[in-house]
Every structure is written in C-alpha cells, then in structure tokens.
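Here is what each chain is made of, one letter per residue.
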Amino acid sequence: MAKLTIDGTEIEVPDGTRLFDACADVRGQALPHFCYHPDLAIAGVCRLCQVEVEGMPKLTIACNTMVRDGMVVHTRNDKVRAAAKQILEMHLINHPVDCPICDQAGECGLQDQYMIYGLYDAEVEQADKVHKEKAQVIGPHVILDKERCVLCSRCVRFCADVTGTGEMGIFNRGDRAEIGVAPGVELDNNYSLNTVDICPVGALTSRDFRFEKRVWMLKPTDGICPGCATGCNVRIDHEAGRVYRLKPRRNDAVNGAWMCDKGRMLYKDVHDEHRLGAPRLEGADTDWATAGQAFAARMAAGLGLVVASPHCSLEELHLLKRLAEAKGAGLVAGPAEADRGDGDSLLLDGDRAPNRAGLALLGIEELPGAELANRIASAGATVLVAGGEPGDVAVVGEALRAADTVFLGTHDRATAGAARLVLPGAAWAEKAGIFVNRQGRFQRFLQAVVRTGQARDDWRVLGEVLSGLDQPHPGSLRELRGELAQALDLEHLEHLDNLPAGGLVPREAAGPAAGGDA
Amino acid sequence: MTPKELQILSARFGRDNGHKLAVYEAEGGYTALRMALSGMQPSEVREVVKDAGLRGRGGAGFPTGVKWGFVPEGADMIYFMVNADESEPGTFKDRYLLDYDPHQTIEGTIISCFAVNARTAFIYIRGEFGWLVDRVQKAVDEAYAAGYLGRNILGSGYDLDMIVHKGAGAYICGEETGLINSIEGRKGQPSIKPPFPAVQGFLDKPTIVNNVESVASVPWILNNGAAAYKAIGTEKSCGTKLFSVSGPVKRPGVYEIPLGLSFREFFHEWLGGMADGEELKAVIVGGSSVPVLPAADIMNCNLDYESLGQAGTMLGSGGMIVIPERSDMVELIQVLMHFYYDESCGQCTPCREGTGWLYRIVKRLRGGEGSAKDLDLIEHVCGGMAGLTICPLADAAVMPMRSFLDKFRPEFEALIREPVPAVSSSRWPRGEQE
C-alpha cells in the first residue's frame, strides 16, 4: 500500500495504482483527459492530465505515473489549471468547432473540458486554422471527420491491441497528422463501433446513429444485449418510445467496456416492420379480451406441449415450466441447433441466444429440429410456442401448422403464420427480466421503451392463464422472482429481484467473493 | 600542447584515407579496444568513462558513464545504438566524425558495447547522409575482417555484431526513443518515459543510445586515462568538444576545442572573426534549439556547460550559428519555426498544435498582417508548450522563439502595422497549402 496526499486529502491505495485513478478517487471526478483509457495502453499524448507532484521539476502526466508512498500531489492549483486550460486551447485551435452539426455534441470531451477548464476567448485567427478532410466513410459502420480529431490515438490503440486488426493509424506528422485507414483498408471488424464510443470528440461517429437524434434528448436504461450468450451489459439510449442506439455499459466481469457491432444493431429488431402489434385468432386480428379468452379456453381444454426458447427471460421460462407442470404437458426448447454462429475470442459467442444457461438451470431440454417436429406432431393437444422461432420452418413448419399452435412472441414470422392463436409479447427492450449468461451470471435488464402496439408483458399473459387454471400466480415481477428463487434453491439470495448492476453468479456469491461490479 | 593542437577527435579530419583501417591502426587505432578486451572488466571501463566526466555530446549533456549504469544487472539481452541522426540545424560534427574517421567511432562503439555488455550495436544514420552509410558500412566490413567485430573478438570471447541502419530523415528520430521506434520499423516518434530505454528499449530490452561524438571520445579516454581527459576543460565540462560553425565568419567549419575556451578567443583566433564587411549580431551557440545570445552577451562566455548555462543558453550539440548584423531576426526565426513545425511528430498536443501556431503567427507578422497582441500571443503559446510534452521538441522550438523575441523585440515590433486590421482578409479561408 502507498500513502499519498492528493489536494490535501490523505489516501492509501495499493502499490501499482495509477496516479490518474488515485486522483479520480479523491476528486470524485476524473482529471481532464482524452488519450487515457483504462482498457488501452498508455499513450501519454493529450497532455491534459498533468498534475503537480511536489519535488518534481515539471508537471507530470498522471496517467503514466504510478503512486509512490509519500507523494504530495496537487490537481487543482493554479499551475495545474493553467496548464490544462492552455493544453485544451491547443486541442481546440485547429478544431472546426462545428458543434451544431456534430453528432458528438452533448457528450463531447472538448465541450465538457471547455466548460470546466476553458472559458477563454479564442486567440487563434480563423485564417490560421488547419483544415482536413471531413465525412470520410472508413467502414461499414464508422465515418471519420479528420479535423475534429484530437489525435488521442485511442482508436488506433483499440484496433492494434483489443481487436488486433490494426486498421487505424496516424498518418503524417505535426499539425498535419491525421487519423485514418491505409488506402484499400476499411475499418471493418465486428467491434468497429467501439472506436466511436472511445473517440472523445466527434471525429469518429456512427453511420447508423448519424443525425438521428441529439444525444441530450436520449434517456439511458440499463439493458443486456440479447445477441449472444455473453450477455454484454448495455445502455439502451431511447427517446419517446424509440430506441436509437446501444452503448456498452462497463462490466469488467463480462464485457469490459466493449460490445460487438452485431449486438449494437439488434435494437432495430425492436421496431422493425415484422413486429406483432395485435393478437390474432385464426388469421384475423382481434383484441386481447377475445384472444385472452381463446387462450384460457385452450389451456383449460388441454395443453400438449410447451416449446420454450433460449430467448425467453428466466422469469418467463419459470412460468412456462409451471404451466406445463400444471397441465401435465411436455416442456422442451429448441431446436438445439438454432441460433448458432461463429464466435470469436473477444466477446461474440457462437451461441446467439441470451439465456440458454437459463434453460439448463430450469432443466428444460433442447431438442434437435427433427425430434422437436415429432414431439409437436404427437402433442395431441394445444402446443404453446413462446419467445421465438422454434427452428427452421422447413423442419418444424408443417408440424406447427398441423397442430393447434399458440404463439406468444414478438415477430410475425413462420411460427406466427402457422399459429391459430398469436399473442403479441414484449421485445427485450420493452420488458424487464433476467438472462443467465454463459458464465452462469444472472443479469438483470430493465424496460426501456413502451411496448409496441397491443403487445403485453409475457409474464403477465402467462400469469393470467395460470390464474384461470386456479394456480397461484404472481402479482408482480418481485413476487415472481421470489418464487423463482425458491424454485432454483436460491432463497439465500436476497437480490434476485434486485441484482447488482454487474450481475451475480450464484455459486460465486455463495462464497466470500461477490460477483462483478459495474 | 596548445589548444589548437589538442586533437582527440579530429586528428584525421581532412586527411586523405583517414577513414581507412590501415591509417587508423597506424596511428594507434584499436589499441584501446585491445586494452579493454585483455583484462578489463566491463565495470572498469564504465568507471573510467564515468571518472573522465564525459557528457553526452548529442545536446543534453548527460554523463555517459552514468547512463551506462542504468542498465539493470543481469539483463539477458542488451542493445547499443549510436545516434548519427544528426539533424539539428547548424550541427554537422557527427558527419565529420563518420566521414573522416569512422573507425574511431566504431572502436568507441565496440568498447562501449563491451562496457554495457551489449551484443548487438546499431549505427543509426540519418537518411540524408546516404554516402556516409556506405562509408561506415565499408569501415564496419573492415573491422569485421580484422577481427574487431563478430565472434570472439581478439580472442577475448566477447561477441558483437554491428549493423549500419539508414533512417528516413526525420529530426525526431534523433530523440532516443524516437530512434528506437524508427529502428523497430514503427513511426518515428518518441515514447513516454518511464520506462526508460536503458531499462526497456529496443524490442523491450535494455538499450543504450549514445551520440557519435560521445562514443568516439571513448578510445582516447581509455588510452590516456580518465585523469588526462578530466585535465582538459573545466570541472564540470571535461575534455574536448566539436563545434560546427556556420555563418559569415572568416573560417567556418568543424573545430575541436577544449571545453572552457573563451568565445572571444575562439571567435577571433580560431574563426578569424567575421568575414569582411560583416558585423557580429548574435550567436546561436549550441544548435538551433538553444536560446540565441546577442554579440555582447556571447563575448563574455566561455564555451562550456556552466558558463553558457549562466548566460541563459546551452552548449547543446555545438552547432554554432553566427548571425551577422544584416540578418533579419524575424526571418531567421520564421525559418526555425518552420523547421520545428515541419518536424514535430504530432503526437503531443502542445507541440503538434503549438509549433504550427507559432510558425503561422511569425509568418503573419512578416507578411505585415500582424498586430501588437501577436507578440503577447507568442509568449502565451510558448507557455502552453514548454515542458508539457513527452520529448523536448516543444522546448526546442520555444527556446529560440522566446529568446529571439526577448533579445530582438524591436525587430518584431517594427513589423506591426497599426491600426490592427479588424477582420482578417479572407472570411472563409482555405487550408494551409504547405
């Protein structure tokens, strides 16, 4: 441990702590910075995080300084503030200050630092500015504005060290230096939009989000990416019932500060044209009263098989299981081969469903497509399909059409087309729930936007049916989770309804070490 | 021996075939290497060089023997690099050393490598010195053939390989971490320190980078002993130093002087004073990066680290630029500011933006577009650069800028037209067309 004094406050931190982080602890706010990023190698080039360390002749950058016992550090004195102000001015002299047309405005490091450290009148003559290329498309997802760039090199280091793809580089030198890709090279890897996240200014922006929304109008909601078994923690940015983008939410135990481009684009599914907006009975749109009655009647008459999905939340799976048990119906999921793809060593998992571990936890077996088709064909009574497509239409389509199929789901695809009764459920951004990721980590997601059309929360739909069957039914998600904890023998977890932001792995939480933190 | 006869480094300057091994050997070449390899311990060599008080001749003046001592004990692989990326405006001494007497540098390098236990040495020569690459390579080949390089040098069991590397011509590659990045095949730009190269340098291994003149001094020091070297010069400025003198003096060129020589004597006796019809106005004594001194100030200086330091400038690389009375100081500083603007690697913001800003302000002043507040702005920009960057290039630009403005302010003020133009001539200007 090292004991040091920062701005008059004495603190003790472990040896090997960066002075930058120690300062942030004491200040409750990070030092001004552009190039420092906790997950990237130190570059030390923006020069904004300079602090005064007593006994050293010059100011020193906190990001490349390790704490030493007895250090006396000043981060707020006149000398430090003056240096930050001047360096900020240097960052801005060749900046185009085109904030009114810049997507970054509102979450821009230059704007933020200017409001804290700058507030000076510009000294540079307009005629003196260096101009560079604007709006250069450098890949399928990213667009580059070279003159907004502060050359912090975060994107270069990300592509060099995190993805190892090395598309980005700094070309030329002096104030002609610019970020770019080499001729014939595109920034085309599955993590390219992370460069937009870490770009502290408006140099790299998302082609998808470009000019869509002013960022200060967006509201953030904590979510979990439904794209694969990794379960990257995300921030769902939305406004007026519409999701505009997903951003990674830091969770060092899961995704660090990153997420993949495939996952980011999944928000589009929430609002796409195939969303089921109204219940449908025998091919005709209807209202919930009629549909609910039809559902209850079918359940009373007999349930042959429940086909769950690894896209269902843990709570939904629990209710499906109870429903199957109450009616003595089979409970399967599948097919086992669906939603698989190529994974990578960074985040993307080959298992493209968010809650397959949840299926396993509840003992729900996944069947291969052909076997599933047989089970459906031999169900003998109503088949309830929930959460997603139970596999390839060529394999199971015929069986679904032949059976008395009820579909509780979000999109009007093959299963909805085959079902006699279609109940529109909530998409992942429209509901709250728990996914269990590949580590066995329980992760909570919250409802970000209102549900599309007449779509309803799946757990309520299932709860009502249970109630109609004179089964105990949960009145709230909290109650449902209490029941779930009991079913999973996790009553000792007080937090199933209030999981920590970083999620929780029950077997780890049982021991002394708690799960990851945000 | 008069000062002029003292030739530690320059004995073969201008001599026919001085660059050949036979000539070098005939004049006692490689005896120091034989001495070092027959019985001396590396630590003893380090001690001798430390005791001699040899200071790095590239410009910073850091004690060479002390630098060698920074290599961690027991390191498995150590690299040695000779910095011949001589590109400081006004400096052309290393080029003489390599051109006229490459074997002296090679011998000094082998001894230095032995002292730090390096097994591979690079001589990094700036790209513009193409012919020197050939000359040094030929000398290295001779040294290999004579058994001074390669396996089991002179039967001592010590192995050393020497690689002559041609840079691509960037000033910043003369900064030692920039040099290492360049030789690794990366963009030539400095790395943050720590880690220091002596601990983690080329390929992350301990690496010592020394200037040509520093290593070229080593054979003499070993042959004659630390005391003999220390006897030359002053207490803190030991030995001799090469000065490359340019400007309208009677005899410009490269001179080897005992440190501590008075400028007055050097100027009048050695350089022969100003050329006919010229008058001395100012001197940049140690390469373009050091503060300029007006004639009256420099005349009272001695050419050593302490005296020049007291006068507010630096010995630097010994690249002495003599400025005549007729010179336009603003034009001169514009040339220098363009140099630093052009050569800034661009990674640290204060330097990247500041060097360009300074250049454009000075250019504007000379174009008659300047205003009185531009002079304050120059000082403001300098304040945002000095001491705030990874390497000293920002300081190297600020020191001449500040001193030119400070010592020759009336020349800047004379360019300012009043009243100040309210609006710049072009409202929507195009980019700098440089």
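Residues numbered from 1 in each chain as written. Chains lettered and ligands numbered in written order. Predicted model: local features only at pLDDT ≥ 70, side-chain atom pairs only at ≥ 80, totals over all residues.

**What to know about the domain arrangement of chain A**
Inference 1: Domain assignment breaks chain A into domain 1 (2-91), domain 2 (125-216) and domain 3 (280-510).
Inference 2: A straight line from the C-alpha centre of domain 2 of chain A to that of domain 3 of chain A covers 42 Å. (Domains from an automatic or database assignment.)

**So, the environment of A:L266**
All names here are of chain A.
Inference 1: Mapped onto the elements of the fold, L266 is located in the loop between α6 (261-264) and α7 (267-270).
Inference 2: On the neighbour-count criterion, L266 (18 C-beta atoms within 10 Å) is partly exposed.
Inference 3: Each C-alpha atom, one on L266 and one on C225, is 8.1 Å from the other, the two residues being 41 residues apart in sequence.
Inference 4: L266 has contacts with C225, P226 and G227, leaving out every residue within four places of it along the chain. (Helix = DSSP H or I, 4+ residues; strand = E, 2+ residues; numbered from the N terminus. Buried ≥ 20, exposed ≤ 12 C-beta atoms within 10 Å, placed from the backbone. Contact = placed C-beta atoms within 7 Å.)

**Comments concerning the domain arrangement of chain B**
Residues and elements named next belong to chain B.
Inference 1: Domains assigned within chain B are domain 1 (3-230), domain 2 (241-324) and domain 3 (329-413).
Inference 2: The gap between the C-alpha centroids of domain 2 and domain 3 is 23 Å.
Inference 3: On the side of domain 3, nine residues touch domain 2, which itself brings seven residues to the contact.
Inference 4: Looking at the side of domain 2 that touches domain 3 residue by residue, the class counts come to five nonpolar, two polar and no charged. (Nonpolar A, V, L, I, M, F, W, Y, C, P; charged D, E, K, R; others polar.)

**Description of the confidence of the model for chain B**
Residue and element names in this part refer to chain B.
Inference 1: Taken residue by residue, chain B gives an average pLDDT of 94. The fraction at 70 or more is 96%.
Inference 2: This stretch, residues 425-434, has a pLDDT under 50; its non-local contacts, to residues over four places away or in other chains, come to six contacts.
Inference 3: The complex model carries a pTM of 0.91, and its ipTM stands at 0.87. (pLDDT = per-residue confidence, 0-100.)

**A closer look at helix α7 (residues 130-145) of chain B**
All names here are of chain B.
Inference 1: Over its 16 residues, α7 extends 23 Å from the first C-alpha to the last, a length consistent with the 22 Å expected when each residue adds 1.5 Å.
Inference 2: Along α7, the positions that sit buried rather than exposed are L132, V136, A139, V140, E142 and A143. Down the axis of α7, the sector holding all buried residues measures 155°, keeping them to one side. For α7, exposure combined with an orientation more than 90 degrees from the buried face picks out G130, W131, D134 and A145. (Expected span 1.5 Å × (residues − 1). Arc of directions from axis to C-beta.)

**With respect to the nonpolar core**
Inference 1: Of all hydrophobic cores here, the largest spans 283 residues; its most connected members are A:V306 and A:A308.
Inference 2: When residues of this core are assigned to their parent elements, the largest contribution, nine residues, is made by helix α18 (residues 393-407) of chain B.
Inference 3: When near neighbours in sequence (up to four residues on either side) are disregarded, A:V306 contacts A:L320, A:L323, A:A324, A:A329, A:G330, A:L331 and A:L384. (Core = buried A, V, L, I, M, F, W, Y, C linked by C-beta atoms within 7 Å.)

**Considerations on the interface of chain B and chain A**
Inference 1: Facing 30 residues of chain B, the contacting portion of chain A comprises 31 residues.
Inference 2: Where the side of chain B that touches chain A is concerned, the elements lending two or more residues are α15 (329-343), α16 (349-366) and α17 (372-383) of chain B.
Inference 3: Here the side of chain B that touches chain A gets nine residues from one element, more than from any other, and that element is α16(B).

**Remarks on the sheet that holds strand β7 (residues 142-144) of chain A**
Residue and element names in this part refer to chain A.
Inference 1: Reading across from one edge, β6-β7-β10 is the order of the three strands in this open sheet, with antiparallel pairing throughout. Two strands in the sheet have a free side with no partner beyond their single neighbour: β6 (136-137) and β10 (204-206).
Inference 2: Relative to β7, β6 runs antiparallel, the two sharing two bridges. Bridged to V137 within β7 is I143. (Pairing = 2+ DSSP bridges.)

**Quick word on the environment of A:G202**
Inference 1: Mapped onto the fold, A:G202 is located in the loop between α5 (193-198) and β10.
Inference 2: Those residues within four positions of A:G202 in sequence are excluded, and the remaining contacts are A:C102, A:D103, A:Q104, A:C108, A:D145 and A:R148.

**Points about the packing of α15(B) against α16(B)**
All names here are of chain B.
Inference 1: Closest axis-to-axis distance for the α15/α16 pair is 8 Å, and the angle between their directions is 155°. Here α16 runs roughly antiparallel to α15, going by the angle between their axes. When you trace α15 past α16, the crossing you get is left-handed. Here V330, E331, I333, Q334, M337, H338, Y340 and Y341 of α15 come into contact with α16, specifically with T355, G356, L358, Y359, V362, K363, L365 and R366.
Inference 2: Of the residues in the contact of α15 with α16, the class split is nine nonpolar, four polar and three charged. (Axes fitted to C-alpha atoms, helices over the stretch in contact; angles between N-to-C directions. Parallel < 35°, antiparallel > 145°, perpendicular 65-115°, else oblique. Left-handed = near helix turned anticlockwise from the far one by under 90°.)

**Re unusual backbone geometry**
Inference 1: A cis geometry characterises the amide bond from B:K193 onward to B:P194, with omega recorded as -5°.
Inference 2: Here B:P194 is to be found in the loop between α8 (176-183) and β4 (207-211).
Inference 3: Note the cis peptide between B:P194 and B:P195, where omega equals 0°.
Inference 4: Unlike most non-glycine residues, A:V97 shows phi in positive territory, near 50°.
Inference 5: For A:V97, the location among the structural elements is in the loop between α2 (78-93) and α3 (109-118).
Inference 6: Although it is not a glycine, A:E282 adopts a positive phi angle of roughly 50°.

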